Amino acid sequence: AQSVTQPDIHITVSEGASLELRCNYSYGATPYLFWYVQSPGQGLQLLLKYFSGDTLVQGIKGFEAEFKRSQSSFNLRKPSVHWSDAAEYFCAVGGYNQGGKLIFGQGTELSVKP
Amino acid sequence: DVKVTQSSRYLVKRTGEKVFLECVQDMDHENMFWYRQDPGLGLRLIYFSYDVKMKEKGDIPEGYSVSREKKERFSLILESASTNQTSMYLCASSQTAYEQYFGPGTRLTVT
């Protein structure tokens, strides 16, 4: 079955510390992978995406993610977290045979300590 | 920039009322989606549409219907609102298999 797992429901990091949010997927074909961020009471904003090519992708707001096919993972990283990064983060997977549908993970809520 | 707008940010309705949630996108996208988001359950797909007048059920279509008469507009209809439909509703659009762009959401409360 196709699925996305974000193992961490809630993470707290100190401002200035590095961040890694985990995402594992199960998908039968070539995956298209996405990370979205949602601030409280808002819609989802696309942070970055992977379709093919270089497995390390850069996104907005200083985020990057690495696609590891052997581990079925697409972890999100940021070297130095800012207080404004506090939000909920969603990983999603889709593909050309999905007709545009995406499968979302449950989300990871990030809190940032001053 | 892609813009997806939703008709209301906050909505309060009574049980049994018919509720319309409207979504408009300005990028000529083929696909449009309606999700509901609840704490601990993530995003769940209600319905999606890949063309005008075309629709397909998502994971939780019960109690909902949709309408897509024009390419840019996708409406979600709650035929008879119930308290268990209190939720955040998110609309999104996409071009073929690529990234989805989301609206700001409508927080619906049914009393």
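Here the structure is a predicted model, which is why all the values come from computation and not from measurement.

Conventions we followed
- Residues numbered from 1 in each chain as written.
- Chains lettered and ligands numbered in written order.
- Predicted model: local features only at pLDDT ≥ 70, side-chain atom pairs only at ≥ 80, totals over all residues.
- Heavy atoms only, no water.
- Helix = DSSP H or I, 4+ residues; strand = E, 2+ residues; numbered from the N terminus.
- Rg over C-alpha atoms; globule rule 2.2 N^0.38 Å.
- Buried < 20%, exposed > 50% of the residue type's maximum accessible area, 1.4 Å probe, protein only.
- Contact = heavy atoms within 4.5 Å.
- Lys, Arg positive; Asp, Glu negative; His and termini not counted.
- Charge placed at Lys NZ, Arg CZ, Asp CG, Glu CD.
- 1 Å grid on protein atoms, 1.4 Å probe; cavity = no way out; pocket = protein on both sides within 12 Å on 5 of 7 lines; lining within 4 Å.
- Points joined across faces, edges and corners; volume = space filled by probe spheres on them.
- Nonpolar A, V, L, I, M, F, W, Y, C, P; charged D, E, K, R; others polar.

Looking only at helices and strands, chain A has zero helices and 12 strands in total. Overall, chain A shows an N-to-C arrangement of helices and strands of β-β-β-β-β-β-β-β-β-β-β-β. The C-alpha radius of gyration computed for chain A amounts to 14 Å, which stays within 12% of the reference 13 Å derived for 114 residues, consistent with globular compactness. The principal-axis extents of the C-alpha atoms in chain A amount to approximately 45 × 30 × 20 Å. Counting over 114 residues, chain A shows a buried share of 47%. Pairs at least 24 residues apart make up 54% of the contacts formed inside chain A by residues separated by at least 6 positions. The distance from the centre of the 9 positive side-chain charges to the centre of the 9 negative ones in chain A is 5 Å.

The subject of this paragraph is empty space enclosed by the protein. Residue and element names in this part refer to chain A. In the structure shown here, the tally under the stated rule is one cavity of 30 Å³ or more. Estimated volume of the largest cavity: approximately 40 Å³. Lining the largest cavity, in full, are Val37, Ser39, Leu47, Lys61, Phe63, Ser84, Asp85, Ala87 and Tyr89. Of the residues in the lining of the largest cavity, the class split is five nonpolar, two polar and two charged.

These figures come from the coordinates and say nothing about function on their own.
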